[in-house]
Amino acid sequence: MTIALSPDTGRLARVTSGVLSMVVSFLSVQLLAKHRHHELADSIWLQEFEKVRGLPEVHAPGAERCQAAGIQSKGLVKLRSHRVWTVGLTVFGVVGLGSAVAALVRP
């Protein structure tokens, strides 16, 4: 971001920096979403496997495990990390887009 926001940096460098910021943000959000998707699928599959085999059910999704254990979510723990990271990375991407557009618009 320092490159994209510095007034003495060339236009191409500012545009490139902004675009790369957007690309990295998009890649990170996609990876995070895919990881979460597979984590939930694995958790549900393991939960069903435990039920069928008569095993103790220890692989329920995280929120369900906490609720079953009587653990109360307080403060920052209430926020879903996946959503917090997605929003945060999206902000980086939007700032990158803004930097690229600003570099193209102003000399």
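Look above for the structure.
Residues numbered from 1 in each chain as written. Predicted model: local features only at pLDDT ≥ 70, side-chain atom pairs only at ≥ 80, totals over all residues. Heavy atoms only, no water.

1. A look at a nonpolar patch on the surface
Then step 1. A surface patch of nonpolar side chains, about 370 Å² in accessible area, is lined by Val 19, Val 23, Phe 26 and Leu 27.
Then step 2. With respect to the element layout, Val 23 can be found in helix α2 (residues 11-53).
Then step 3. We classify Val 23 as partly exposed; its relative accessible area is 39%. (Patch = residues over 30% accessible without salt bridge, like charges linked within 9 Å, V, L, I, M, F, W, Y side chains within 5 Å. Areas by Shrake-Rupley, 256 points an atom, 1.4 Å probe, with all protein chains shown as cover. Salt bridge = Lys/Arg side-chain N within 4 Å of Asp/Glu carboxyl O. Helix = DSSP H or I, 4+ residues; strand = E, 2+ residues; numbered from the N terminus. Buried < 20%, exposed > 50% of the residue type's maximum accessible area, 1.4 Å probe, protein only.)

2. Points about the packing of aromatic side chains
Then step 1. A complete count under the given rule lists 1 aromatic pair for this structure.
Then step 2. The interplanar angle of 20° and the centroid separation of 5.3 Å between the aromatic rings of Trp 45 and Phe 49 together place this pair among those described as stacked. Within this pair, Trp 45 and its partner Phe 49 are both found in helix α2, separated by 4 residues, close to a single helical turn. (Phe/Tyr/Trp six-rings, centres within 6.5 Å; stacked < 30°, edge-to-face > 60°.)

3. Quick notes on helix α4 (residues 81-105)
Then step 1. Helix length check: α4 (25 residues) gives 36 Å between terminal C-alpha atoms against 36 Å at 1.5 Å per residue, within 8%.
Then step 2. Along α4, the residues classified as buried are Leu 89, Gly 93, Gly 96, Ser 99, Ala 100 and Ala 103.
Then step 3. Next to the buried residues of α4 lie α1 (2-5) and α2. (Expected span 1.5 Å × (residues − 1). Contact = heavy atoms within 4.5 Å.)

4. Considering the pattern of salt bridges
It is possible for side chains bearing opposite charge to pair when their charged atoms get close.
Then step 1. Scanning the entire structure with this criterion turns up 2 salt bridges.
Then step 2. Arg 36 is the salt-bridge partner of Glu 39, the closest N and O atoms lying 3.0 Å from each other. Here Arg 36 and Glu 39 lie together in helix α2, a separation of 3 residues that amounts to about one turn.
Then step 3. Exposure remark for Arg 36: the relative accessible area of 26% places this residue in the partly exposed category.
Then step 4. Note that Glu 48 and Lys 51 form a salt bridge whose closest N and O atoms lie 3.8 Å from each other.

On their own, these measurements won't tell you what the molecule is for.
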